[in-house]
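Structural characterization, general
Spelled out, the chains give:
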Amino acid sequence: MPKHPNQTKKIPLIIKMLREETDDEHGLTMAQIIEKLAEEGVEAERKSIYRDLEVLRDCGYDVVKRAGRPTEYALGQREFEYPELLLLVDAVQSSRFLTKRKSQQLLKRVQGLTSVHMAEALERHVHVERRIRTQNESVYYNVDAIQEAIASHRKVGFRYFKHDLQQKKVYGKGGALYHETPVHLVYSDGYYYLIAFNDQHDDFVRYRIDRMSHIQVLDDPATRNDRIATFDVEAFALQAFGMFGGEKLRVTIEFDASAIDLILDRFGTDGVIIIPQPDGKTGHATITVRKSSVFFGWLAGFGTRARIIAPTSLAQEFREYLRDIIRLY
């Protein structure tokens, strides 16, 4: 039996303090290590800690000495380098399919992969424009269910909804379950999409995962054919347009009811004022945009389903934009 029962905690505690409190720019002196161990009820001498550090090196931990007076010890190479963590932070922050709560949870876990000093730097780094996030917390778990269905070669069942002019959910098929063969998950423009094969239409279809509810892995075997086996996800991938600066304008667009989801996708429910029109077929959307060719290109994608009604000066500029394109042809 060891003289000091708490000695069994010593090496795990040393690993923990090196992970949490040291990095390329910060280290711990031997006196600090001894003091922190004592705070945890572990008595230790310098010689024993030197041996422990050698054991950690033998186990693959990159324990390094930092030159100085006194000498400091730090954990060098880690599972993730700081630039890699920055990429993870940016990916989490920019993901629309994550709710705000889930995004914050994941960011805390990413910060836990490095020292407290680097975690503070990551916190200061986070600064992106306000993202319109999904309100569907189940998206995070829907992805897992779909992956399970793909791996087990089974179909998925789910309810699927869109929005009406009152921004209320309207379920397709009267709320009945969709039965689809999941083929691939695609992440595009901050959203996750399911690419599925529909037996009835004998073709591929796509669904926004944050618009899916009551998802379940069915007992029905997935459909198999050559088209599914040779599916080219790159050719099917969705394209997103970039961001460009420009004059900020308050714009009102008249749109067909079938375009409501595209407008909500772009601006979110908090960033747009929707006024249904008496005909029940159209609505007016008032939005704040930065005038640019990218905005005009987005609007042109609606075809005859949307038009600028205010300001009239912007409508005139849009006409000129379209005329310039026509002149090319």
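Notes on the structure follow. All values derive from a computational prediction rather than experimental measurement. (Residues numbered from 1 in each chain as written. Predicted model: local features only at pLDDT ≥ 70, side-chain atom pairs only at ≥ 80, totals over all residues. Heavy atoms only, no water.)

1. Focus on the overall build of the chain
Across its full length, the chain holds 12 helices and 13 strands. Out of the 329 residues in the chain, the part that is buried amounts to 40%. Long-range contacts, defined here as pairs at least 24 residues apart, represent 67% of the contacts in the chain between residues at least 6 apart. Carbon together with sulfur atoms contributes 51% to the accessible area of the chain, which is approximately 19,500 Å² in total. (Helix = DSSP H or I, 4+ residues; strand = E, 2+ residues; numbered from the N terminus. Buried < 20%, exposed > 50% of the residue type's maximum accessible area, 1.4 Å probe, protein only. Contact = heavy atoms within 4.5 Å. Areas by Shrake-Rupley, 256 points an atom, 1.4 Å probe, with all protein chains shown as cover.)

2. A look at the sheet that holds strand β3 (residues 72–75)
With antiparallel pairing, three strands are arranged side by side in an open sheet as β1-β3-β2. Of all the strands in the sheet, just β1 (28–29) and β2 (63–66) have a single pairing partner and so form its edges. Bridge count between β1 and β3: two bridges; the pairing is antiparallel. Looking at the pairing, Leu-28 lines up with Tyr-73 of β3. Of the strands in this sheet, β1, β2 and β3 are in contact with helix α1 (residues 10–21), which crosses β3 at around 85°. (Pairing = 2+ DSSP bridges. Axes fitted to C-alpha atoms, helices over the stretch in contact; angles between N-to-C directions.)

3. A short note on α1
Helix length check: α1, at 12 residues, gives a terminal C-alpha distance of 16 Å against a target of 16 Å (1.5 Å per residue), a fit within 8%. Taken residue by residue, α1 has Lys-10, Leu-13, Ile-14, Ile-15, Met-17 and Leu-18 as its buried positions. Each element contacted by the buried residues of α1 is listed here: β1, α2 (30–39), α3 (46–58), β2 and β3. (Expected span 1.5 Å × (residues − 1).)

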